[in-house]
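Residue-level structural notes
The primary structure of each chain is shown beneath.
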Amino acid sequence: MVNNSMQIGPYQLKNQLIVAPMAGVTDRAFRNLCLRYGAGLAVSEMLSSNPEVWDTDKSRQRMMHSGEEGIRSVQIAGADPDLMAAAAQFNVEQGAHIIDINMGCPAKKVNKKLAGSALMQDPQLVKVILQAVVSAVDVPVTLKIRTGWQPEHRNGVEIAQIAEDCGIASLAVHGRTRQCMYKGFAEYNTIKAIKQNVSIPVVANGDIDSPEKAKFVLDYTGADAVMVGRGAQGRPWIFREIHHYLETGNKLPPVEASEQREIMLEHLNALYELYGEYKGVRFARKHMGWYLNQEEQRQFRADFNRLETAEQQYSLVECYFDELVNF
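As a starting point, this report considers the structure included with it.

Conventions we followed
- Residues numbered from 1 in each chain as written.
- Predicted model: local features only at pLDDT ≥ 70, side-chain atom pairs only at ≥ 80, totals over all residues.
- Heavy atoms only, no water.
- Helix = DSSP H or I, 4+ residues; strand = E, 2+ residues; numbered from the N terminus.
- Buried < 20%, exposed > 50% of the residue type's maximum accessible area, 1.4 Å probe, protein only.
- Contact = heavy atoms within 4.5 Å.
- Areas by Shrake-Rupley, 256 points an atom, 1.4 Å probe, with all protein chains shown as cover.
- Core = buried A, V, L, I, M, F, W, Y, C linked by side-chain atoms within 4.5 Å.
- Arc of directions from axis to C-beta.
- Axes fitted to C-alpha atoms, helices over the stretch in contact; angles between N-to-C directions.
- Left-handed = near helix turned anticlockwise from the far one by under 90°.
- Nonpolar A, V, L, I, M, F, W, Y, C, P; charged D, E, K, R; others polar.
- Pairing = 2+ DSSP bridges.
- Right-handed = clockwise from strand over helix to strand, strands pointing away.
- Phe/Tyr/Trp six-rings, centres within 6.5 Å; stacked < 30°, edge-to-face > 60°.
- Lys NZ or Arg CZ within 6 Å of the ring centre and 35° of its normal.
- Lys, Arg positive; Asp, Glu negative; His and termini not counted.
- Salt bridge = Lys/Arg side-chain N within 4 Å of Asp/Glu carboxyl O.
- Polar contact = N/O pair within 3.5 Å; in protein donor to acceptor, adjacent residues only side chain to side chain.

What follows covers the overall build of the chain. Helix and strand content of the chain: 12 helices and 11 strands. Here the chain, with 327 residues, has 55% of them falling under the buried criterion. Partitioning the intrachain contacts of the chain with sequence separation of at least 6 by distance along the chain shows that 67% fall at a separation of at least 24. Just so you have it, the chain exposes about 14,500 Å², and 50% of that area is on carbon and sulfur atoms.

Right, dumping it as structure tokens:
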């Protein structure tokens, strides 16, 4: 029987369900929705540790935590120990409760700077970065990694042991190597091995897209929590579904159209408020595409993507669901 919550430093999560940090996706609007619909923690989008880019609109949006619900976990990325330590301090000053270090991102533009999952090639540098960040702040520091750099070199256990030695409070592991990107299927044997070799909390991540999959991964790996990324895109209520299944063994009925309508309209309003109308309208396009991603909804997506104002987008979603109800 797995515990139904986990602890990160002084913070007791309400359950064992965490929203994965996804650049361009897990902004404040999306995190708040996921928290409201059952997530115990939501990690922010990745922030560069390079202070030269902090004065951009994108970075300012990501560093703003006012009005944020729940425990605020902010992810930072970089390869310079001093810059990473300074970025951690800065984000704590801005309201972060937890600092998360990115050593899991497989994106080329991150890896070519030897950040993200590229760091797993250099365990000694990993150690220096972790020591620098942990000693720089008084809040818990967590780490996200992959199982290794490439399938022939899965060194996740070694990196996990370094993390524990450096005082990392919890460790999230995506069940793919950097070389795998998001292709194929996540493997959980390495996550299981990591859990068996460290005593800090371990969070399993990768291909968790249903309540049944979440339970399987928790049971198989022995992990303390699961982290859901792409499985929550267009489905922020997946956390409620997983929580109910873990607690009762029963599946909730599918979300009714009336509730989906309410969630989507709330999400639209939050995007417009966060980014302003021009950018909010553009961010809304991908989110609405995830919500309504079936073949029979293709016309809706095409129509929605042509709209240029918040009012038009909002009205189209209302009309779409009005027609569903009256069909």
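Once the structure has been displayed, the description carries forward.
Ranked by size, the top nonpolar core spans 58 residues in total, and within it M103, L130, L143, I145 and F239 carry the most contacts. Ignoring anything within four residues of it in the chain, the contact list for I145 reads M103, G104, M120, G156, I159, L171, A172, V173, H174 and I194. Within the second largest apolar cluster, 24 residues are counted, among which are Y37, L268, Y272 and A310.

Within the sequence span of helix α6 (residues 156-165), burial applies to G156, I159, A160, I162 and A163. One face of α6 carries all of its buried residues, which in axial projection span an arc of 160 degrees. Check the buried side of α6 and you find it contacts α5 (123-136), β8 (141-146), β9 (170-174) and α7 (189-197). Directly after α6, the chain includes G167, whose backbone phi takes a positive value near 95 degrees.

Our next topic: the packing of helix α10 (residues 257-291) against helix α11 (residues 298-306). Interhelical geometry of α10 versus α11 gives an angle of 150 degrees and a closest axis separation of 8 Å. Crossing of α10 against α11: the hand is left-handed. Contact residues: α10 offers L268, A284, R285, M288 and G289, while α11 offers F300, R301, F304 and N305. For the contact of α10 with α11, the per-class residue count stands at five nonpolar, two polar and two charged.

Along the chain, V226 turns up in strand β11 (residues 225-228). Spatially, the C-alpha atoms of V226 and V19 are 8.7 Å apart, while their sequence positions differ by 207 residues.

Turning next to the pairing of strand β7 (residues 98-103). Within β7, six of the six residues are buried, which leaves the element mostly enclosed by the surrounding structure. Note that strand β6 (residues 72-77) and β7 share four bridges and pair parallel. Pairing of I76 across the sheet is with I101, part of β7. Between β6 and its parallel partner β7, the chain crosses via helix α3 (residues 81-93), and the hand of that crossover is right-handed. Judged from the five bridges that link them, β7 and β8 form a sheet pairing that is parallel. What sits directly across from D100, in β8, is T142.

With that settled, the discussion passes to the packing of aromatic side chains. Taken as a whole, this structure holds seven aromatic pairs when the rule is applied. With centroids separated by 6.3 Å and ring planes inclined at 75 degrees, the aromatic side chains of Y188 and F216 adopt a geometry described as edge-to-face. Remark: F216 occurs in helix α8 (residues 211-221) and Y188 occurs in the loop between β9 and α7; sequence separation between them is 28 residues. Using a relative accessible area of 42% as the deciding quantity, one classes F216 as partly exposed. A network of ring pairs unites the aromatic residues F300, F304, Y320 and F321 as a single cluster. R146 extends its terminal NZ or CZ atom over the ring of Y182, reaching a point 4.9 Å from the ring centre. One Lys or Arg, K192, reaches over the ring of Y220 and ends 4.6 Å from the middle of that ring.

On the secondary structure map, R146 appears in strand β8. No salt bridge is formed by the buried R146, whose closest oppositely charged neighbour, D207, lies at an N-O distance of 8.8 Å. Within the structure, the side chain of R146 is placed 2.8 Å from the backbone oxygen of T177, a separation counted as a polar contact.

So, on to the pairing of strand β10 (residues 202-205). Alternating residues of β10 divide into V202 and A204 and V203 and N205, and every residue in both groups is buried. When β9 meets β10, the two strands line up parallel, connected through four bridges. Across the sheet, the residue bridging to V173 is A204, located in β10. Where the polypeptide runs from β9 across α7 and back to β10, its parallel neighbour, the crossover connection is right-handed. One crossover worth recording links β10 to the parallel β11 by way of α8, and it is right-handed.

Let's shift gears to the pattern of salt bridges. Counting across every chain of the model gives 14 salt bridges. The residue E308 makes a salt bridge to R282 at a minimum N-O spacing of 2.6 Å. Of this pair, E308 sits in the loop between α11 and α12 (310-326) while R282 sits in helix α10; the two residues are 26 residues apart in sequence, bridging distant segments of the chain. According to the relative accessible area criterion, E308 is partly exposed, its value standing at 44%. The class for R282 is partly exposed, based on a relative accessible area of 26%. A single network of salt bridges, built from pairs that share partners, joins R176, D207 and R230.

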